[in-house]
Amino acid sequence: QVQLVESGGGLVQAGGSLRLSCATSGRTFSRYAMGWFRQAPGKEREFVARIRWSSGNTYYGDSVKGRFTISRDNAKNTVYLQMNSLKPEDTALYYCAATINIYSDWDYWGQGTQVTVSS
């Protein structure tokens, strides 16, 4: 059974930092791209960042460029999202996802972890 399990969310003041983790299991994701998305109440889901597991190549959404960093640990089968200089508008439910084709639908999703940034 494929699982993506997010952790690391919480409440932080504006300007602070958090690191989210996405632990993967149930299959090998070496051919996949891993991504982070977020959804705030009343808003559409937003792409945050992605990384190709094999090459480590990364890509970021405009709203987080320069503040967030996505990375992966092959030995731990875990993907991370380091979030710095957090803003209240970063408040959302953050999801981890995996896809074999970045131009198609994402194949696997986690349950999400809540990030709340207070002003």
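Residues numbered from 1 in each chain as written. Predicted model: local features only at pLDDT ≥ 70, side-chain atom pairs only at ≥ 80, totals over all residues. Heavy atoms only, no water.

Focus on the overall build of the protein
Scanning the protein from N- to C-terminus turns up 0 helices and 11 strands. What you see in the protein, going N to C, is helices and strands ordered as β-β-β-β-β-β-β-β-β-β-β. Against the globule reference of 14 Å for 119 residues, the protein gives a C-alpha radius of gyration of 13 Å, in line with a compact fold. Reported as C-alpha extents along the three principal axes, the dimensions of the protein are approximately 40 × 30 × 25 Å. (Helix = DSSP H or I, 4+ residues; strand = E, 2+ residues; numbered from the N terminus. Rg over C-alpha atoms; globule rule 2.2 N^0.38 Å.)

Details of the nonpolar core
Judged by nonpolar contacts, the single largest core of 28 residues is most densely connected at Met34, Trp36, Leu81, Met83 and Tyr94. At the level of secondary structure, the elements contributing two or more residues to this core comprise strand 3 (18-25), strand 4 (33-39), strand 5 (46-52), strand 7 (68-73), strand 8 (78-83), strand 9 (92-99) and strand 11 (113-118). Here this core gets 4 residues from one element, more than from any other, and that element is strand 9. (Core = buried A, V, L, I, M, F, W, Y, C linked by side-chain atoms within 4.5 Å. Buried < 20%, exposed > 50% of the residue type's maximum accessible area, 1.4 Å probe, protein only.)

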